[in-house]
Amino acid sequence: MRAPIDLLVNNAGFGIGQGFVGGDLGEEERALAVMCRAVLVLSHAAGRAMRARGQGGIINVSSVAGFVQMGTYSAIKAWVTTFTEGLSTELRADGLRVTALCPGFTHTDFHRRAELDMAKLPEALWLDADDLVRTCLRDHARGRVISVPGVAYQAVTAAVHVLPRGVVRRVSGSLASVRRPPAIDRPE
Ligand SMILES: NC(=O)c1ccc[n+]([C@@H]2O[C@H](COP(=O)([O-])OP(=O)(O)OC[C@H]3O[C@@H](n4cnc5c(N)ncnc54)[C@H](OP(=O)(O)O)[C@@H]3O)[C@@H](O)[C@H]2O)c1
């Protein structure tokens, strides 16, 4: 007999690191496949099995980027967060916990792989991956639907939800400029 799934963590993801129109469409489709479609399919399979047993939990790794407007990565993570919130409502009556983890900048391989230049980011804004995982598991155990580790990012998230959307959009646009421009956009 196969072991039941106690906890599904949809973590796989990557930074897109390119403008949309000037970038490679195939990379955008790959991002949707890994960060949306895989989350959808795996949550469906695990959610069914967990509901049948009346036990289990799902953590979908989203991002604070999903609360702002920094290109298609933000759009994808906004989907992950909203999808997770809906799923948590659907499965709550069955006693299942579902959490969207929304981290800010975290020390991992993420930025190197996406070729993002993070040299100007203040150290105070970096999260430690182990601390983040501890916070997320604690929030999940408490039944929190959205987990935002770190006081700085909790403040950012709170501000984003009260500021006019146009202001958030403008600030997001200037922050997105830390991304390295894609080769395809560079003049010959
Ligand atoms: N680091 C941050 O600042 C940050 C902030 C907010 C949210 N996040 C999110 O956190 C999650 C984990 O990223 P990370 O920071 O830990 O980055 P990472 O160190 O680059 O790890 C990415 C993980 O995703 C897996 N992955 C990437 N593409 C895949 C694919 N096509 N198929 C299967 N697995 C794939 C990688 O597997 P392999 O090693 O086998 O390639 C690796 O385990 C992602 O969803 C990311 O969007 C990260």
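The following refers to the structure shown.

The rules behind these values
- Residues numbered from 1 in each chain as written.
- Predicted model: local features only at pLDDT ≥ 70, side-chain atom pairs only at ≥ 80, totals over all residues.
- Heavy atoms only, no water.
- Patch = residues over 30% accessible without salt bridge, like charges linked within 9 Å, V, L, I, M, F, W, Y side chains within 5 Å.
- Areas by Shrake-Rupley, 256 points an atom, 1.4 Å probe, with all protein chains shown as cover.
- Salt bridge = Lys/Arg side-chain N within 4 Å of Asp/Glu carboxyl O.
- Helix = DSSP H or I, 4+ residues; strand = E, 2+ residues; numbered from the N terminus.
- Buried < 20%, exposed > 50% of the residue type's maximum accessible area, 1.4 Å probe, protein only.
- Expected span 1.5 Å × (residues − 1).
- Bend = angle between axes of the 7 residues up to and from the residue.
- Contact = heavy atoms within 4.5 Å.
- Polar contact = N/O pair within 3.5 Å; in protein donor to acceptor, adjacent residues only side chain to side chain.
- Arc of directions from axis to C-beta.
- Near = heavy atom within 4 Å.
- Nonpolar A, V, L, I, M, F, W, Y, C, P; charged D, E, K, R; others polar.
- Pairing = 2+ DSSP bridges.
- Axes fitted to C-alpha atoms, helices over the stretch in contact; angles between N-to-C directions.
- Core = buried A, V, L, I, M, F, W, Y, C linked by side-chain atoms within 4.5 Å.

## Some points on a nonpolar patch on the surface
Next up, step 1: Together, Leu-7, Val-9, Val-133 and Leu-137 make up a nonpolar patch on the protein surface, roughly 310 Å² of accessible area in all.
Next up, step 2: Looking at the nonpolar patch, the elements with two or more residues in it are strand E1 (7-10) and helix H4 (129-141).
Next up, step 3: Owing to a relative accessible area of 42%, Leu-137 belongs among the partly exposed residues under this scheme.

## Observations concerning helix H1 (residues 25-53)
Next up, step 1: In a regular helix each residue adds 1.5 Å, so 29 residues correspond to 42 Å; H1 covers 41 Å between its end C-alpha atoms and thus fits that length.
Next up, step 2: Along H1, the sharpest kink reaches roughly 35°, centred on Ala-33.
Next up, step 3: Buried within H1 are the following residues: Glu-28, Ala-31, Met-35, Cys-36, Val-39, Ser-43, Ala-46, Gly-47 and Met-50.
Next up, step 4: Looking at the buried positions of H1, the neighbouring elements they touch are E1, strand E2 (57-61) and helix H2 (71-92).
Next up, step 5: For H1, the N-terminal cap is Asp-24; the gap from its side-chain oxygen to the backbone nitrogen of Gly-26 is 3.0 Å.

## Here we look at helix H5 (residues 151-162)
Next up, step 1: The end-to-end C-alpha separation of H5 is 17 Å, in line with the 16 Å expected for 12 residues at 1.5 Å each.
Next up, step 2: Turning to H5, its buried residues number three or more, namely Tyr-153, Thr-157 and Val-160. Buried residues in H5, looked at end-on, bunch into an arc of 65°, giving them a common side. Pointing more than 90 degrees away from the buried face of H5 are the exposed residues Val-151 and Val-162.
Next up, step 3: Where the residues of H5 are buried, they touch helix H6 (165-176).

## So, the site of the ligand
Next up, step 1: Around the ligand sit 20 residues in total, of which Asn-11, Tyr-73, Thr-106, Thr-108 and Arg-113 are the nearest.
Next up, step 2: Calculation on the ligand without its partners gives an accessible area of 880 Å², and the protein chains cover 67% of this total.
Next up, step 3: Of all the secondary-structure elements, those providing two or more residues to the shell around the ligand are H1, H2 and helix H3 (110-113).
Next up, step 4: By residue number, the principal contributor to the shell around the ligand is H3, which donates 3 residues.
Next up, step 5: Of the residues belonging to the shell around the ligand, the class tally is 8 nonpolar, 8 polar and 4 charged.

## Description of the sheet that holds E1
Next up, step 1: Strand order in this open sheet of 4 strands is E1-E2-E3-E4, and the pairing throughout is parallel. Each having just a single partner strand, E1 and strand E4 (146-147) make up the two edges of the open sheet.
Next up, step 2: For E2 and strand E3 (residues 97-101), the ladder comprises 5 bridges, and the chain directions are parallel. Paired with Ile-59 across the strands is Thr-99, a residue of E3.
Next up, step 3: Where H1 meets the sheet, it contacts E1 and E2, and its direction lies at approximately 175° from that of E1.

## Some details on the nonpolar core
Next up, step 1: Core analysis: the largest hydrophobic core is formed by 15 residues, its most contacted members being Val-64, Phe-67, Leu-101, Cys-102, Val-148, Tyr-153 and Val-160.
Next up, step 2: Among the nonpolar cores identified, the runner-up in size contains 10 residues, and Val-39, Phe-83, Leu-91 and Leu-96 belong to it.

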